[in-house]
Amino acid sequence: MKKILVVFIFVFSTFISCTEEITTYYLIRHAEKNRTDTINRNPNLNEEGLERAKKWADYFKDIKLDAVYSTKYNRTIQTAKPTSDSKSLEILTYNPRNMYDSIFQKSTKGKTVLVVGHSNTTPFFANKIFGKEKYKQMDDRDNASLYIVTIKGKKKTTTIEKVE
């Protein structure tokens, strides 16, 4: 009887651990922007940026995304568009002043999400999700960093990759 109970507990605990929701956030900064007009606060991507946006779509081609989020700026939307188009997903907007609020957490729980932001928001968004101050502000010319934050149950992991 004890053996049956031990086997039952093992099977039950394995089942419970396998059914934990996994939430994964991919956070990137917008691609290279047009810097010719230094007073333009909402520039478009330059040619290099448009190419990088396509490379991001290629990077995510084999990753199932449930949602794509962007701030309301031209450069972030243009960075997100090739990926959202390839996944037939609408680009959802978020306010970087309210990063990872309860509404965002609830709507993304258990999903795989791409978030496109800025050099001064992307690492802080990753920190907010991770729950620790791990990343500093990005260099203004860094358009290749990919922050990945995964939540499985109460365990959170985070990594950063360079995608050239």
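Thoughts on the nonpolar core
- Membership of the largest hydrophobic core comes to 19 residues, with the highest contact counts inside it found for Tyr25, Leu27, Val115, Phe125 and Ile129.
- Sorting the residues of this core by element identifies β1 (22-29), β2 (67-70), β4 (112-117), α5 (122-130) and β5 (145-152) as the ones contributing at least two each.
- It is α5 that provides the largest number of residues to this core, a total of four residues.
- The residues touching Tyr25, leaving out its near neighbours within four places in the chain, are Tyr100, Phe104, Thr108, Val113, Ile129, Tyr147, Ile148, Val149 and Ile151.
- Formed by 13 residues, the second largest nonpolar core is a distinct cluster that contains Phe60, Leu65, Val116 and Ile148.

Remarks on the pairing of β2
- Judged by which residues are buried, β2 turns out to be covered on both faces: Ala67 and Tyr69 on one side and Val68 and Ser70 on the other are all buried.
- In the sheet, β2 pairs with strand β3 (residues 91-93) via three bridges, with the strands oriented parallel. Bridging across to β3, Val68 finds its partner in Ile91.
- Handedness of the crossover joining β2 and β3 through helix α3 (residues 74-87): right-handed.

Regarding the pattern of salt bridges
- As enumerated under the stated definition, the model contains nine salt bridges in all.
- Put simply, Asp140 and Arg35 hold a salt bridge, and the shortest N to O gap is 2.8 Å. With Asp140 in the loop between α5 and β5 and Arg35 in the loop between β1 and α2 (47-59), this pair connects stretches of sequence that are 105 residues apart.
- Arg35 gets classed as partly exposed once you look at its relative accessible area, which sits at 30%.
- What emerges from the salt-bridge pattern is a single network uniting Arg29, Arg35 and Asp140.

Calculation rules
Residues numbered from 1 in each chain as written. Predicted model: local features only at pLDDT ≥ 70, side-chain atom pairs only at ≥ 80, totals over all residues. Heavy atoms only, no water. Core = buried A, V, L, I, M, F, W, Y, C linked by side-chain atoms within 4.5 Å. Buried < 20%, exposed > 50% of the residue type's maximum accessible area, 1.4 Å probe, protein only. Helix = DSSP H or I, 4+ residues; strand = E, 2+ residues; numbered from the N terminus. Contact = heavy atoms within 4.5 Å. Pairing = 2+ DSSP bridges. Right-handed = clockwise from strand over helix to strand, strands pointing away. Salt bridge = Lys/Arg side-chain N within 4 Å of Asp/Glu carboxyl O.

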